[in-house]
Amino acid sequence: MNWFTKLLSSTLGRKVLMALTGLFLILFLVVHLIGNLQLLHSDQGQAFNIYARFMTTNPLIKTVSYVNYAIILVHIVWALLLTIHNRKSRGPEGYAVTNGSSAWTSRNMGILGTLILIFLVIHLKGFWAEMHWGGISTVTYDNEVYKDLYTVVDKAYTMEWYVAIYVVSMIALAFHLWHGFISAFQTLGLNHSKYNGLIRFVGRAFAIIVPALFALIPIWMYLDK
Amino acid sequence: MKLDSKIPEGPLAEKWTKHKFNLKLVNPANKRKYDVIVVGTGLAGASAAASLAELGYNVKAFCFQDSPRRAHSIAAQGGINAAKNYQNDGDSVYRLFYDTIKGGDYRARESNVHRLAEVSVNIIDQCVAQGVPFAREYGGLLANRSFGGAQVSRTFYARGQTGQQLLLGAYSALNRQIANGKVKMYTRTEMLDVVLVDGKARGIITRDLVTGKLESHSGHAVLLCTGGYGNVFFLSTNAKGSNVTASWRAHKKGALFGNPCYTQIHPTCIPVSGDHQSKLTLMSESLRNDGRVWVPKVAKPGLTAKEAKNIPEADRDYFLERKYPSFGNLVPRDVASRNAKMMCDEGRGVGKTGLAVFLDFTDAIKRDGKKAVEAKYGNLFDMYAQITGDNPYEGPMMIYPAVHYTMGGLWVDYNLMTTVPGLYALGEANFSDHGANRLGASALMQGLADGYFVIPYTIGDYLAGISQEKVSTDRPEFKEAMDKVNNTINTILNIKGKRTVDELHRELGLIMWNYCGMSRTDAGLREAKGKIQQLKKEFWSNVAVLGSNNELNQELEKAMRVADFIELGELMVDDALNRTESCGGHFREESQTPDGEALRNDDDFSYVAAWEFKGENQPEVLHKEELNYEFIKRTQRSYK
Amino acid sequence: MNLLNGLKEATNNMKITLKVWRQKNNATKGGFKVYPIEHVSTDMSFLEMLDVLNNDLVRKGEDAVAFDHDCREGICGMCSLYINGKPHGPQQTTTCQLHMRSFKDGDTITVEPWRAKAFPVIRDLVVDRTAFDRIQQAGGYVSINTGGVPDANEIPIPKKIADEAFDAAVCIGCGACVAACKNASAMLFVSAKVSQLALLPQGKPERKERAEKMVAQMDAEGFGACTNTGACEAECPKGISLTNIARLNREYLSASLTSYEVEVKGGD
Ligand SMILES: Cc1cc2nc3c(=O)[nH]c(=O)nc-3n(C[C@H](O)[C@H](O)[C@H](O)COP(=O)(O)OP(=O)(O)OC[C@H]3O[C@@H](n4cnc5c(N)ncnc54)[C@H](O)[C@@H]3O)c2cc1C
Ligand code: HEM
Ligand code: SF4
Ligand code: FES
């Protein structure tokens, strides 16, 4: 086996891939959040729609977003492979009684991830697919025609069930990150008594603040209608 | 039979060097033609197996645990001696030699002990090179402590887990050779007999403990590194599996057994808590550096640790400090143990059983603060609390002596060969270099000396002199030995009696402890002999072992070991009866000074008692190896 | 010092119900059996309580419960019982150091063997942990022969480093980390050895090869991948820290990227 495939097929290598893709997704979340925050401008969606077009047409951003899809895919596929491998490692017989001494989030990354995945599907179908191929209405700012994604979003957020799904999913994401952020550093071996405190703090703060801001937007818009 | 110790001629300090030169060598290309069987992979066995494999011999190694890393050596706490003189406090090879001889109450061979002191320095180098994390000073150099009352700091240690770290070092060297294919390791495999061909040890019979399958293994030499036999007392600080079976079966095949009655009783163990007790836990001797040992001046039956605070200073008897003003609480193990027993025999013992004395840290805590005491002994205090349920920071600890180490074992010559050609004994399994009493931190040293630095030289001398031809395990000698083992197993399984193995083992232990323990008398020993013979009959007619041979059968394993312990027990009693002097760990009440100290008799007993097996239920025959002291003048030990 | 707080008054009259996994051998199916046991003393160790049970069983003509143990001092790593849903039971110590004062009169205690694909059951509560040995054989050593080594004080090692290496070296190879982990991952065990030798100057020359070989063997044995749940650290009787796992990740990653190819032998 070539050293690279060997690395990737080892349990440690697979974990490294999870961590790298996870960290990339964390970065993506930041970018995505900045965009979403445009929804909160009281400008009937102008900032948001400009941003949305920029994101879907700029060639550089387009490339980045394809990379992003690939990374989500890798993260998901590897998560599946790892989870199956780990299930098997327990062996044929399980315990009759377990009295776990680890954190709930750490033991349920698969379930949390699946929740996120379901959300992603709904989310992508609702907005991303609409943006690309949907018969979406247009608006004009400064003589330029833009697709009016804002209205699609705004409409979606008038539906309680949609807002509820969004909020629940963000809670799942928060839990996923609560463990995942710090875990990724551990996986990459980035661990030093001088910086562990910082990583822990940033990780926990990130896990709360970012999903909270994401969740805030639909709630805000729902209440604001 | 004439015992030839093969001690080389010449000045003490040159004996080993000269001897190494005179030993025959096996040509490097020929080494791979020899197979060596190593039974036991504790410190002695693992170090020997690894070193021999590195030289090129093919090694087969065996242990009864599931991994070599679990050998009983792992439990050693305190440390390992070496004459490095890193502390510049006047240590030297000669001083280590002298202390060890004196500590052993002048019942060890000068030549062997000097060699031990010489190679002690190499052991530390070797272990450090393996990555053993010994304690270090801030400057990065190795730290030492003084141990067991030695007047120099020569003990190297790895917190309270020195044995563990040394064994893991040897285990790693062994692993490397297993990976290289030079050692074939058999775990969960117990040796049940030695096979002799033409009078030489040429193989062993083993039982696979998982499947029960008996197997024959042949080789050019057999090394027994199977540890000590303290478990003859049932309660001891040894691991539950420690046993005499390998040594005993070898003894029955012609290897003489040296000084079987020399037993070391360690003074600082956690007392027995009830009939359920399965083993005793040692607490490092270092506790006596700060703890003061006492009992009430007048008997107070049932006195607890909590109530101890209420006993005024004037009503306490710090008996070690009173009797031995210069060494105080730091007298050697045998002296400390015997005195604790004397107090309890007088009825002044404490605790619910009356078989305990206090070890009090109140003064140390007052003097140095609780923090300092915790830093030094925290893990020991925790262990004590865990086991006893008492808080040692609030009241004194209770301690009582327990069987800890056996100085006796298979008799070996200077080359570590037993009286059977080709059969060697290393580590605690041989009658060793500790005379009648072992000093702290010297068993680890001896085990590793034997394995790393003695056997690799001496075995070549023997192998070079025998044919390279391998013997087949199809030979009748193997078949016969295997049938015998099979018979023993079937006999035990077919008794289907009423007494469990543990019950009988406890009974043996009690007899040994009461009559052949810390102090011994002629009448008591005679009584013990009768009782042991009785017990042997009871065992062979009434032991209950269920199940079959073809499975993991832990009761069967135990039963076979206990059967051997019973026979050994009788020999220990014989040996103790014969030795009417007191020396080291062997205290005959008939032989004491006016103030109750052990009284040696150099005129009549300056010898190693080596016993020869003459057949089932026959009296064993005593052979004597005179101990000639050419270099050291013997004195009565005094710690006053 | 937490263990000192909960100390209870001694009694020797507890009634305990034991639910014990019984399995004749690896080829047959196992199941639980229930044994009531009386007059249990708080001073007994858990294993002594099992001794009492076994002696009773043998007297009644039933096979004794097989379990691994040897030193009964918390250092050999042989004892290995999964008690009430935790490896080594409710306290962070070895099974042999667990005492019955940690339980209450009337308790039901479930006792199971370690469960992992790489630790097949041999009988009752005894499992086969030789996978651990094979991992050590893959590289858990410094390649030096006996003799011909430098003086022990030739290479000074900062006390901090020596202490850190020691903290990793105290692993007793019990396998509680694997038993506790939902993924049956052996990372804590492997990382302890890799860390010890990566920290010490003596182990440095082979550190890359060692990390690669030991991890390859760990994978070949069928242990799971670590997802950093921390159950191992929480249950390790010797307090081996997760920091070691991070160090192993680092060692392995840098070895993979920079080492020369190493030959890897498959396990079984
Ligand atoms: C609690 C305690 C603390 C101690 N502390 C110290 C200390 O601080 N310093 C010091 O110097 N000494 C100390 N000692 C003594 C020292 O640990 C031992 O004497 C020494 O480790 C013995 O090593 P060994 O290799 O001879 O035997 P062991 O380590 O006992 O190894 C015996 C080996 O033989 C195998 N074996 C036995 N019988 C058979 C058989 N029939 N078939 C196959 N294999 C078999 C076992 O599996 C094992 O591998 C201590 C002892 C105890 C009990
Ligand atoms: C925006 C979305 C996501 C982000 C930011 C994210 C982030 C992370 C991070 C940082 C980790 C830690 C990696 C490590 O431990 O080294 C992780 C682990 C994990 N993720 Fe995600 N993830 C996301 C989506 C998903 C999805 C959609 C799934 C699955 C369907 C998923 C499944 C998992 C699983 C199972 C783990 C645990 C694996 C392990 O720790 O080894 N994640 N994730
Ligand atoms: S890391 Fe801890 S739990 Fe795992 S084997 Fe070592 S001592 Fe046992
Ligand atoms: S029996 Fe040795 S650690 Fe428990």
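Residues numbered from 1 in each chain as written. Chains lettered and ligands numbered in written order. Predicted model: local features only at pLDDT ≥ 70, side-chain atom pairs only at ≥ 80, totals over all residues. Heavy atoms only, no water.

1. Some points on the interface of chain B and chain C
Facing the 83 residues of chain B at the interface are 78 residues of chain C. Buried area between chain B and chain C, summed over both chains or domains, comes out near 6800 Å², and the portion from carbon and sulfur atoms is 51%. Our count for the contact surface shared by chain B and chain C stands at 9 salt bridges. A salt bridge links C:Lys24 to B:Glu551; the shortest N-O distance between them is 3.0 Å. Connecting chain B to chain C are 46 residue pairs in polar contact (both at pLDDT 80 or more). Broken down by secondary-structure element, the contributors of at least two residues to the side of chain B that touches chain C are helix H3 (43-55), helix H5 (110-130), helix H6 (162-179), helix H11 (362-388), helix H12 (443-463), helix H14 (501-516) and helix H16 (554-578) of chain B. (Contact = heavy atoms within 4.5 Å. Buried area = accessible area lost by both parts, 1.4 Å probe. Salt bridge = Lys/Arg side-chain N within 4 Å of Asp/Glu carboxyl O. Polar contact = N/O pair within 3.5 Å; in protein donor to acceptor, adjacent residues only side chain to side chain. Helix = DSSP H or I, 4+ residues; strand = E, 2+ residues; numbered from the N terminus.)

2. Some thoughts on the coordination of the iron atom of ligand 2
Six octahedral donors around a metal ideally subtend angles of 90 or 180 degrees, whereas four tetrahedral donors ideally subtend 109.5 degrees. Residue and element names in this part refer to chain A. In the first shell of the iron atom of ligand 2, the protein supplies His75 (NE2) and His176 (NE2), at 2.1 Å from the metal. Seen from the iron atom of ligand 2, its 6 donor atoms lie at angles of 84 to 180°, and the figure they make is octahedral. Of this pair, histidine 75 sits in helix H4 (residues 59-89) while histidine 176 sits in helix H8 (residues 160-187), and the two are 101 residues apart along the sequence. With respect to class, histidine 75 is no different from histidine 176; both count as buried. (Donors = N, O, S within 2.8 Å, 3.2 Å for Na, K, Ca; no water. Tetrahedral: all angles 85-135°; square planar, octahedral: opposite > 155°, others 65-115°. Buried < 20%, exposed > 50% of the residue type's maximum accessible area, 1.4 Å probe, protein only.)

3. Focus on the UniProt feature "active site" (unreviewed entry) in chain B
All names here are of chain B. The feature "active site" (unreviewed entry), as annotated in UniProt, sits at Arg333 in this numbering. In this structure, arginine 333 sits in helix H10 (residues 333-345). In this view, arginine 333 contacts Phe147, Gln264, Ile265, His266, Pro267, Glu285, Arg288, His404, Arg438 and Gly440; residues no more than four positions away in its chain are not counted. A polar contact is formed between the side chain of arginine 333 and the side chain of glutamine 264, at a distance of 2.9 Å. (UniProt positions renumbered as here; feature names shortened; annotations may be inferred.)

4. Brief notes about the packing of aromatic side chains
Under the definition given, this model contains 40 aromatic pairs over all chains. Between A:Trp3 and A:Phe4 the ring centres are 5.6 Å apart and the planes differ by 80°, which places this aromatic pair in the edge-to-face class. Accessibility expressed as a relative area gives 43% for A:Phe4, which makes it partly exposed. Within the aromatic cluster, the residues linked to one another by ring pairs are A:Phe119, A:Phe127, A:Tyr157, A:Trp161, A:Tyr162 and A:Tyr166. The side chain of A:Arg53 reaches across the aromatic face of A:Tyr146, ending 4.3 Å from its centre. One Lys or Arg, B:Arg561, reaches over the ring of B:Phe64 and ends 4.7 Å from the middle of that ring. (Phe/Tyr/Trp six-rings, centres within 6.5 Å; stacked < 30°, edge-to-face > 60°. Lys NZ or Arg CZ within 6 Å of the ring centre and 35° of its normal.)

5. A closer look at the site of ligand 3
Residue and element names in this part refer to chain C. Inspection of the region around ligand 3 gives 13 residues, with Cys171, Cys174, Gly175, Cys177 and Cys236 positioned closest. Counting residues per element, the ones that place at least two in the shell around ligand 3 are helix H5 (176-180) and helix H6 (187-199). Across the shell around ligand 3, the residue classes break down as 11 nonpolar, 2 polar and no charged. (Near = heavy atom within 4 Å. Nonpolar A, V, L, I, M, F, W, Y, C, P; charged D, E, K, R; others polar.)

6. Observations regarding the sheet that holds strand S18 (residues 607-612) of chain B
All names here are of chain B. In spatial order, the strands read S16-S10-S18-S19; together these 4 strands make up an open sheet with antiparallel pairing. Each having just a single partner strand, strand S16 (409-410) and strand S19 (621-626) make up the two edges of the open sheet. Judged from the 2 bridges that link them, strand S10 (residues 257-258) and S16 form a sheet pairing that is antiparallel. When the bridges of S16 are listed, phenylalanine 257 appears paired with leucine 410. Against the sheet, H16 contacts S10, S18 and S19, and its axis sits at roughly 140° relative to S18. (Pairing = 2+ DSSP bridges. Axes fitted to C-alpha atoms, helices over the stretch in contact; angles between N-to-C directions.)

7. Details of H8(A)
Residue and element names in this part refer to chain A. Its 28 residues place the ends of H8 39 Å apart at the C-alpha level, agreeing with the 40 Å of an ideal helix rising 1.5 Å per residue. At leucine 177, H8 is bent by approximately 30°, the largest bend along its length. After H8 finishes, the residue glycine 189 shows a positive phi value of roughly 75°. (Expected span 1.5 Å × (residues − 1). Bend = angle between axes of the 7 residues up to and from the residue.)

8. Observations regarding the sheet that holds strand S1 (residues 35-39) of chain B
All names here are of chain B. Strand order in the open sheet formed by 5 strands is S5-S2-S1-S9-S17, with parallel pairing between adjacent strands. Edge positions in the open sheet fall to strand S5 (183-186) and strand S17 (423-425), since each of these has one partner strand only. In this sheet, adjacent strand axes meet at a mean angle of 20° when their direction is disregarded. Strand direction decides the pairing type here: strand S9 (residues 221-224) and S17, joined by 3 bridges, are parallel. From the neighbouring strand, valine 222 faces S17, where its bridge partner is leucine 423. Along the sheet face, H3 touches S1, strand S2 (58-62), S5 and S9 and points at about 165° away from the line of S2. Lying on the sheet, H12 is in contact with S1, S9 and S17; it crosses S9 at an angle near 150°.

9. What to know about the site of ligand 1
The environment of ligand 1 is made up of 39 residues, and the closest members are B:Gln65, B:Ser73, B:Met191, B:Glu428 and B:Leu444. Residues close to ligand 1 are split across chains B and C. A distance of 3.1 Å separates an oxygen atom of ligand 1 from a polar backbone atom of B:Leu43. B:Gln77 is positioned with one of its backbone polar atoms (N or O) 3.4 Å from a nitrogen atom of ligand 1.

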